[in-house]
Amino acid sequence: MSVIYVLLTISIVVAILFFVAFIMAVKNGQFDDSYTPSVRMLFEDELVKEEPKK
């Protein structure tokens, strides 16, 4: 029965380590989108629609 407590403790420690690594990666800009802004300027003019005349 004590093995369950050891495994539970180890899994919580590993989960906390992965969470801290994820937070550090987000703060360092690992998930920033650098591709979309450069492509958005190419398609910016195509979205303009004219209203039909009455």
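Higher on the page you've got the structure.
Small disclaimer: the values here were computed from a predicted structure and weren't measured.

Caption draft 1: Molecular detail of the overall build of the protein. Scanning the protein for helices and strands turns up two helices and zero strands. Out of the 54 residues belonging to the protein, those deemed buried represent 4%. Of the accessible surface of the protein, which amounts to about 5,900 Å², a share of 67% is contributed by carbon and sulfur atoms.

Caption draft 2: Seen up close, a nonpolar patch on the surface. Judged by side-chain polarity, Val3, Val6, Leu7, Ile10, Val14 and Phe18 come together as a nonpolar surface patch covering roughly 580 Å² of accessible area. Along the chain, Phe18 turns up in helix α1 (residues 2-27).

Caption draft 3: Examining the packing of aromatic side chains more closely. For the coordinates displayed, the defined rule picks out one aromatic pair. On the basis of an interplanar angle of 45 degrees and a centroid distance of 5.8 Å, the ring pair of Phe22 and Phe31 is categorised as tilted. Under the relative-accessibility criterion, Phe22 is labelled partly exposed at 44%. Among the residues examined, Phe31 registers a relative accessible area of 56% and is labelled exposed.

Thresholds, definitions, all that
Residues numbered from 1 in each chain as written. Predicted model: local features only at pLDDT ≥ 70, side-chain atom pairs only at ≥ 80, totals over all residues. Heavy atoms only, no water. Helix = DSSP H or I, 4+ residues; strand = E, 2+ residues; numbered from the N terminus. Buried < 20%, exposed > 50% of the residue type's maximum accessible area, 1.4 Å probe, protein only. Areas by Shrake-Rupley, 256 points an atom, 1.4 Å probe, with all protein chains shown as cover. Patch = residues over 30% accessible without salt bridge, like charges linked within 9 Å, V, L, I, M, F, W, Y side chains within 5 Å. Salt bridge = Lys/Arg side-chain N within 4 Å of Asp/Glu carboxyl O. Phe/Tyr/Trp six-rings, centres within 6.5 Å; stacked < 30°, edge-to-face > 60°.

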